[in-house]
Amino acid sequence: MSKIIAGNWKMNGTRQELIDMFDALENLPTNNTVILCPPYTLLNMTTPKNFSFGAQDCSTHDNGAHTGDISAKMIADTGAKYVIVGHSERRQDHNETSELIAAKAVKAIENKLIPIICVGETLAEYESGKAFDVVEDQMHKSIPAVKGEIIVAYEPVWAIGTGKVATLLDIEKMHEHIASVLGKIGRDETAILYGGSVKPGNAAEIMNVPNVGGVLVGGASLKVDDFVPIIQAV
Ligand code: PGA
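Predicted model, so just to flag it, every value in this text is computed and none were measured. (Residues numbered from 1 in each chain as written. Predicted model: local features only at pLDDT ≥ 70, side-chain atom pairs only at ≥ 80, totals over all residues. Heavy atoms only, no water.)

K.L.:
Sorry, what's going on with the overall build of the protein chain here?
P.N.:
Across its full length, the protein chain carries nine helices and eight strands. A globule of 234 residues ought to have a C-alpha radius of gyration of about 17 Å, and the protein chain, at 16 Å, matches this closely. Taken over the C-alpha atoms alone, the protein chain extends approximately 45 × 45 × 30 Å along its principal axes. Within the protein chain, the fraction of its 234 residues that count as buried is 50%. In the protein chain, 72% of the contacts between residues at least 6 apart in sequence involve partners at least 24 apart. (Helix = DSSP H or I, 4+ residues; strand = E, 2+ residues; numbered from the N terminus. Rg over C-alpha atoms; globule rule 2.2 N^0.38 Å. Buried < 20%, exposed > 50% of the residue type's maximum accessible area, 1.4 Å probe, protein only. Contact = heavy atoms within 4.5 Å.)

K.L.:
Even after reading the chapter, I still don't get the packing of aromatic side chains, so can you show me in this structure?
P.N.:
By convention here, two paired aromatic rings are described through the distance between centres and the angle between planes. A full pass over the atoms with the stated rule returns four aromatic pairs. With 5.2 Å between their ring centres and 80° between their planes, Phe-22 and Phe-51 make a pair best called edge-to-face. A residue pair is termed long-range when its members are at least 10 positions apart, and Phe-22 in helix α1 (residues 15-25) and Phe-51 in strand β3 (residues 51-55) qualify at 29 residues. With a relative accessible area of 8%, Phe-51 lands in the buried category. Each ring, one from Tyr-126 and one from Trp-158, has its centre 4.7 Å from the other, and the planes form 40°; the classification is tilted. (Phe/Tyr/Trp six-rings, centres within 6.5 Å; stacked < 30°, edge-to-face > 60°.)

K.L.:
What should I look at first to understand the site of the ligand in this one?
P.N.:
Taken together, 13 residues form the shell around the ligand, and within it Lys-10, His-87, Glu-155, Gly-161 and Ser-197 come nearest. A distance of 2.7 Å is found between an oxygen atom of the ligand and a side-chain nitrogen or oxygen belonging to Lys-10. In the environment of the ligand, an oxygen atom lies 2.7 Å from a nitrogen or oxygen atom belonging to the side chain of His-87. Protein coverage of the free-state accessible area of the ligand, which is 280 Å², stands at 96%. In terms of residue class, the shell around the ligand is built from four nonpolar, seven polar and two charged. (Near = heavy atom within 4 Å. Polar contact = N/O pair within 3.5 Å; in protein donor to acceptor, adjacent residues only side chain to side chain. Areas by Shrake-Rupley, 256 points an atom, 1.4 Å probe, with all protein chains shown as cover. Nonpolar A, V, L, I, M, F, W, Y, C, P; charged D, E, K, R; others polar.)

K.L.:
Before we go on, may I ask you to explain the sheet that holds strand β7 (residues 191-195) in this structure?
P.N.:
Strand order around the closed barrel formed by eight strands is β1-β2-β3-β4-β5-β6-β7-β8, with parallel pairing between neighbours. Averaged over neighbouring strand pairs, the angle between their axes works out to 25° when direction is ignored. The pairing of β7 with strand β8 (residues 214-217) spans three bridges and is parallel. Counterpart to Gly-195 in the pairing with β8 is Leu-216. Sitting on the sheet, helix α7 (residues 168-184) touches β6 (151-154) and β7, and the angle it makes with β7 is about 150°. (Pairing = 2+ DSSP bridges. Axes fitted to C-alpha atoms, helices over the stretch in contact; angles between N-to-C directions.)

K.L.:
Which parts of the structure should I look at to understand α1?
P.N.:
An α-helical turn contains 3.6 residues, so any two residues separated by three or four positions project in the same direction. Every buried residue of α1 is accounted for by Leu-18, Met-21, Phe-22 and Leu-25. Buried residues of α1 fall within an arc of 95° about the axis and therefore sit on the same side. In this structure, the buried side of α1 is in contact with β2 (33-37), β3 and α9 (224-231). (Arc of directions from axis to C-beta.)

Structure (structure tokens):
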């Protein structure tokens, strides 16, 4: 089955770096859905075929006096198809709550973008055995009731940018749990991505875990030599 491979460039990337990535991806044979989420400054560039852009965040407003913010409407206007909401770096650095993230996801859906809604527990929550409850609570509060396609990304906070990856068994159990919560809220068809230190060497085994619909890749999506083998891993 085809997978979703999303690259989150975070606050990295110049025009030339994006051009180099696109040169490498232009004729890459893959049946997977490839999404690149560069900074807003690069969203207006033309993407190769079978390749989509996503943004890394959006405002809860459509327009107006909100200096520095970018709306889902503006992102859709660039031709992007996706937007990440609720990444743990935004939850931590900008004190974003799950309720705020749900409001952003609503704006995304209203503007025909697919929100990639991120959830995941901290190390302390993992170690105290609370991961399932934390993620379920984040899901109930961050996933809006409005109809429309969404993607959920499970990213244990302690695995992001640390080189530590959750075990395949942990990933399997959490994705099964997320799938069951999605079933309860009538969203069985939702793809669930895993994120956190995904690399060429572990991408295939992670994507072969049941209920893993693909991966959200940070650091390794910045380098052609890492991102290409991840796209081609399955
Ligand atoms: P990482 O980041 O792959 O660098 O761990 C993942 C993410 O934050 O989406």
